[in-house]
Every structure is written in C-alpha cells, then in structure tokens.
Amino acid sequence: MFLCGYILRIQAVTKRQRPKLNTGKNEVVTMPLSKRALAEFFGTFWLVFGGCGSAVLAAAFPALGIGFVGVSLAFGLTVLTMAFAIGHVSGCHLNPAVSVGLVVGKRFPISELLPYIVAQIAGAVAASGVLYLIASGKPGFSLTGGFASNGYADHSPDHYSLLACFVAEVVLTAFFLLVILGSTDERAPKGFAPIAIGLCLTLIHLISIPVTNTSVNPARSTGPALFVGGWALSQLWLFWVAPILGAILGGLISTTFFAAPQEPLSEEMAR
C-alpha cells in the first residue's frame, strides 16, 4: 500500500506545469524559478564544457584523437547525463531554441522563457571561459583554430555555403524538437527520453560537424564566439536565427500532427 501511494504521489507531481519537489511528508513544494534557472546554468555549462571541450582538447590529439565520432558522442552524453541529473528540476532544456520550441509546443510557459535563456547563455559563457583557461595552458594554443565556434562559408569546416548551413541548422533543430516532444509525450515509453534525446543530439553532430561545426543551440554558439570574436561574432546571427526557426517549426509540427492533450513539460526528461 505504501508503494502504491508513493507512485500515485509521483504521478501527481509530474502532471503539474512546473517541476515539483516531493518532500516525503505528503506535501508538494513548487521548485522556485531561481533554482530551476540555476539548474539550467549548470546543465548548459556541462553541455558546452563537455561538448566543446572534447572538440578543443581531445578531437585532434596526435594518434589518439577522438575525431568527429568522439565529439558527437560527447555532446550526446552531456545531454543524457544532465537529463537524469536535472531533468526533474528544470526539465533540462540547456538550449534557448529548445525552450522556445517547448513554448510553441505548449509544454513550457512563455513567462519563464527569458530567465531560462539568460541562465543558459551564462552557463555557456562560463564554460567557455573555463575551457579557454585550460586550453590556453598548452604552449602554442591559439584561437585561430576556431575554439569550437560555429561558422558558414569560409568558416564552415568543409566550406559549405550560408544557405546550406542555414538549411542544415533549421532542419536538424526541427527534428531535435520532434524527438524531444515525442519522447517526453505521456504516451511514450517511460524512462527512455534522456536516451532518445542524447542519441538524437549525437546523430545531429555526426551529420553536421563538417557543415557548421554543429550548433542547433544558440547558447552553445554564443559562448565560444565571445572568446574568438571577429568572424565568429559576425556569423553568430545564423546560429540564433536558424535553430530558433527550426525549433518553432518542430514545435508546430508536433503540436499540429502528433500531440495529444497533456500537461506542459515538467519532469518528463527524467522519467
């Protein structure tokens, strides 16, 4: 009977709009927005430090470098691990485009969008700062290598055009949102959303590292660009506009064609 009652209380928590904390005393406390934003800060820090750090520090290590596959796995693993770590706190967005897409998909309140985005950008910038401090400790380090920044045309890893890079970022972000919204749907198998989302981000990187160095995340693009400056900042607009447009498109497709009536996203990332 105790176990049944506990399960019912947990189910009640996950059906609320905001992430909740079960105190174990038959009461449910709303997780403050400040704590949820702080979770987004640390989660985005981990994504940028782990993903971009693997690219800057480990991708081209002589003879043993992890290459594109390793970097792709690193980005996916950061999301997978943080989904379990903070999904029950903030929903584990880690990405302004994801937050916008969840608003469009009616799974996140627009009133909380700005604090989430500010926290995500701050986490990305802080992670880039720590990464710069570590990377610059190696003799011969230079930002001319790009510092894992995203770019198009001459600054695309394989020199893809602006249009090609824009389309890639829109399409990949749209499908990323479809996976996020679908895997966290109340009809989806429980407990597998972090795995699906982490593997989706891995696949996205496997596809598009040669094209744009893979963004699908404006915060991830902003952090390194602030340190590189110059061309990275001048091209940063694409890595805000295209992912957000793709997220809106993904949210609209999911809501229009696939969604069932349900409560906004709260703890589904950690189910």
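Residues numbered from 1 in each chain as written. Predicted model: local features only at pLDDT ≥ 70, side-chain atom pairs only at ≥ 80, totals over all residues. Heavy atoms only, no water.

## A short note on the packing of aromatic side chains
Within the structure shown, the criterion is met by ten aromatic pairs. What links up through ring pairs into an aromatic cluster is the set Tyr132, Phe141, Phe147 and Phe227. (Phe/Tyr/Trp six-rings, centres within 6.5 Å; stacked < 30°, edge-to-face > 60°.)

## Focus on empty space enclosed by the protein
Scanning the model with the defined rule gives two cavities of 30 Å³ or more in all. Of the pockets and cavities examined, the largest cavity occupies roughly 140 Å³. Along the walls of the largest cavity sit 21 residues, with Leu47, Val79, His93, Asn95 and Phe176 positioned nearest its centre. Each residue belonging to the lining of the largest cavity can be placed in one class, and the counts come to 14 nonpolar, six polar and one charged. (1 Å grid on protein atoms, 1.4 Å probe; cavity = no way out; pocket = protein on both sides within 12 Å on 5 of 7 lines; lining within 4 Å. Points joined across faces, edges and corners; volume = space filled by probe spheres on them. Nonpolar A, V, L, I, M, F, W, Y, C, P; charged D, E, K, R; others polar.)

## Considering the environment of Met31
Tracing the backbone shows Met31 in the loop between strand E2 (28-30) and helix H2 (33-58). With 59 residues separating them in the primary sequence, Met31 and Ser90 have C-alpha atoms 8.5 Å apart. (Helix = DSSP H or I, 4+ residues; strand = E, 2+ residues; numbered from the N terminus.)

## Examining the packing of helix H6 (residues 162-183) against helix H10 (residues 238-258)
Two elements in contact, H6 and H10, have axes whose closest approach is 7 Å; the angle formed by their N-to-C orientations is 40°. The orientation of H6 relative to H10 falls into the category oblique. In the crossing of H6 with H10, the sense of the turn from one axis to the other is right-handed. Taken together, the residues of the contact of H6 with H10 break down into 18 nonpolar, five polar and one charged. (Axes fitted to C-alpha atoms, helices over the stretch in contact; angles between N-to-C directions. Parallel < 35°, antiparallel > 145°, perpendicular 65-115°, else oblique. Left-handed = near helix turned anticlockwise from the far one by under 90°.)

## Focus on the confidence of the model for the chain
Per-residue confidence for the chain averages 88 on the pLDDT scale, and 85% of its residues sit at or above 70. In this model, residues 1-17 is a region of pLDDT below 50 whose contacts with residues beyond four sequence positions or in other chains number 17 contacts. Counting contacts from residues 22-28, a segment whose pLDDT is below 50, to residues more than four positions away or on other chains yields ten contacts. (pLDDT = per-residue confidence, 0-100. Contact = heavy atoms within 4.5 Å.)

## Comments concerning the nonpolar core
Core analysis: the largest hydrophobic core is formed by 46 residues, its most contacted members being Ile86, Leu94 and Phe176. Elements that contribute at least two residues to this core include exactly H2, helix H3 (67-90), helix H4 (96-104), helix H5 (113-135), H6, helix H7 (193-212) and helix H8 (218-228). Here the element with the most residues in this core is H3; it accounts for seven residues. If sequence neighbours within four positions are ignored, Phe176 has contacts with Asn95, Val98, Ile197, Cys200, Leu201 and Ile204. Listed in part, the eight residues of the second largest apolar core include Cys165, Val211, Leu238 and Phe239. (Core = buried A, V, L, I, M, F, W, Y, C linked by side-chain atoms within 4.5 Å. Buried < 20%, exposed > 50% of the residue type's maximum accessible area, 1.4 Å probe, protein only.)

## Remarks on the side chain of Thr44
Locating Thr44 in the fold gives a position in helix H2. Of the residues examined, Thr44 reaches a relative accessible area of 0% and is grouped as buried. If we skip the residues at most four places from it in the chain, Thr44 touches Leu94, Gln120, Gly123, Ala124 and Ala219.

## What about the layout of surface pockets?
In this structure, the largest pocket occupies an estimated 700 Å³ of space. Every residue lining the largest pocket is counted, 29 residues in all, and those nearest its centre are Ala55, Val56, Leu57, Ala60 and Gly145. When contributions to the lining of the largest pocket are tallied by element, the ones reaching two or more residues are H2 and H3. Per element, the largest residue contribution to the lining of the largest pocket is four residues, and it comes from H3. In the lining of the largest pocket, the residues fall into 19 nonpolar, eight polar and two charged.

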